[in-house]
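Observations on the model geometry
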Amino acid sequence: MGDTPSPTPAAPRFLGANSPLPGSPEEAELDYVPNPREGELYCVRFAAPEFTSLCPVTGQPDFAHLVIDYAPGATIVESKSLKLFLGSFRNHCGFHEDVTVGIGKRLFGEMAPRWLRIGGYWYPRGGIPIDVFWQSAAPPEGLWLPDQGVASYRGRG
C-alpha cells in the first residue's frame, strides 16, 4: 500500500470536457475514480509509445515509450487525466531518470495503489539509449505480470 491514504474520488473533471494541455507537470491534475473491482488483485497497464519531454541541457526533444503497470487499491487513475498529465511533459526539461521515476512516484503517492512499476524506454540521442525502471516494492504475491513488451533498442542491427 502507498504511504498516503487514497484520495476521495470525485466525478472526473476532464472526461467528456474540452481540456487544454496543462502547461507543466506541476499544474497537471490527475483524476481518480473508485476501483470497480476493489479487493481483487489485478494489473492495469498504460502504454505511452510517443511520450516526449525536453533535455534539461540543450532543450532538444527526448522521446520515450513508457509502460505503467499497477495493481489498484481503492481507486484507479482516470485515463484522460493521465493523458493530459503525460502530455504536460512536452515542454518540461528533465533528465530521463528524473522524469520516469517522478511519474511513477507521483502516481503511487496520489493514487495509493497496492503496487506500481514504470518502464521508461528512451530513444537514443547522442548514440546511447537509456532505459529507466522504478517500482514501488516487490509485486504482490499472485499478481500476474506480463512482460512490458518493449524490446531493447537495437538500431539497424
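Here the structure is shown first, and the text comes after it.
Residues numbered from 1 in each chain as written. Predicted model: local features only at pLDDT ≥ 70, side-chain atom pairs only at ≥ 80, totals over all residues. Heavy atoms only, no water.

**Some details on the overall build of the protein chain**
This is how the line gets drawn: Going along the chain from the N terminus, every DSSP run of H or I of four or more residues is numbered as a helix, and every run of E of two or more is numbered as a strand. Buried means the residue's accessible area, taken with a 1.4 Å probe over protein chains only, is under 20% of the maximum for its type, while exposed means over 50%, and partly exposed covers the values in between. Any two residues having at least one pair of non-hydrogen atoms within 4.5 Å are treated as being in contact. In this description, accessible areas are obtained by the Shrake-Rupley approach with a 1.4 Å probe, and a residue is regarded as covered only by the protein chains that are shown.
What the protein chain contains, in helices and strands, is two helices and six strands. Burial analysis of the protein chain (157 residues in total) assigns 45% to the buried set. Taking all contacts inside the protein chain whose residues are at least 6 apart in sequence as the whole, residues at least 24 apart take part in 72%. In the structure as shown, the protein chain presents an accessible area of about 8,700 Å², 54% of it carried by carbon and sulfur atoms.

**Describing the sheet that holds strand β3 (residues 61–71)**
For sheets, the rule is that strands pair by backbone hydrogen bonds, running either parallel or antiparallel. What counts, and what does not: At least two bridges found by DSSP between two strands are what make those strands a pair. To obtain each axis, a line is fitted to C-alpha atoms, and for helices this fit is confined to the stretch in contact; angles are then taken between N-to-C directions over 0 to 180 degrees.
In spatial order, the strands read β2-β3-β5-β6; together these four strands make up an open sheet with antiparallel pairing. The open sheet is flanked by β2 (44–54) and β6 (128–135), the only strands paired with a single partner. Mean inter-strand twist for the sheet, computed between neighbouring axes without regard to direction, equals 15 degrees. Note: β2 against β3, nine bridges, orientation antiparallel.

**Quick word on the nonpolar core**
The following threshold applies: Definition used in this section: a nonpolar core is a set of buried Ala, Val, Leu, Ile, Met, Phe, Trp, Tyr and Cys residues joined via side-chain atoms within 4.5 Å.
Counting 28 residues, the largest nonpolar core has Phe51, Val77, Ile103 and Leu107 as its most contacted members. Counting only elements with at least two residues in this core, the list comes to β1 (32–34), β2, β3, β4 (75–77), α1 (79–87), α2 (96–111), β5 (115–125) and β6. Ranked by the residues each element gives to this core, the list is headed by α2, at five residues. Leu107 has contacts with Leu30, Tyr32, Ile68, Val77, Leu82, Ala112, Pro113 and Leu116, leaving out every residue within four places of it along the chain.

**Some words on the pattern of salt bridges**
Where charged atoms from two side chains of opposite charge come close, those side chains can pair. Condition: For salt bridges, the criterion is a side-chain nitrogen of Lys or Arg within 4 Å of an Asp or Glu carboxyl oxygen.
Evaluated as defined, the whole model comprises five salt bridges. Note that Arg37 and Glu40 form a salt bridge whose closest N and O atoms lie 3.3 Å from each other. Given a relative accessible area of 41%, Glu40 falls into the partly exposed group. Of the charged contacts, one joins Arg106 and Glu110 as a salt bridge, the two residues approaching to 2.7 Å between their closest N and O atoms. Here Arg106 and its partner Glu110 are both found in helix α2, four residues apart, which amounts to about one turn of the helix. By relative accessible area, which is 29% here, Glu110 ends up partly exposed. Three or more residues joined by partner-sharing salt bridges are found here, namely Arg45, Asp69 and Arg117.

**Quick word on the layout of surface pockets**
Note the following rule: Using only the protein atoms, space was sampled on a 1 Å grid; points where a 1.4 Å probe fits but cannot get out form cavities, open sets with protein on both sides within 12 Å along at least five of seven lines form pockets, and lining residues are those with an atom within 4 Å of a point. Grid points are joined across faces, edges and corners, and a volume is the space filled by probe spheres set on the points.
For the largest pocket, the calculated volume is near 320 Å³. If you trace the largest pocket, you find 14 residues lining it, with Ala48, Lys83, Leu86, Gly87 and Arg90 closest to the centre. Listing elements by their share of the lining of the largest pocket, those giving two or more residues are β2 and α1.

**Topic: the packing of aromatic side chains**
For clarity, the cut-off: Pairing of aromatic side chains requires ring centres within 6.5 Å, counting the rings of Phe and Tyr and the six-membered ring of Trp. Pairs whose planes differ by under 30 degrees are stacked, by over 60 edge-to-face, and all others tilted.
Counting across every chain of the model gives six aromatic pairs. A ring pair is formed by Phe85 and Phe89, whose centres lie 5.4 Å apart and whose planes are at 75 degrees; its orientation type is edge-to-face. Of the two residues, Phe85 and Phe89, neither departs from the other in class, the shared state being buried. With a centroid separation of 5.4 Å and 75 degrees between ring planes, the pair formed by Tyr121 and Phe133 is classed as edge-to-face. Of this pair, Tyr121 sits in strand β5 while Phe133 is found in strand β6, placing the two residues twelve residues apart along the sequence. Classification of Tyr121 as buried rests on a relative accessible area of 11%. A network of ring pairs unites the aromatic residues Phe51, Phe85, Phe89 and Trp122 as a single cluster.

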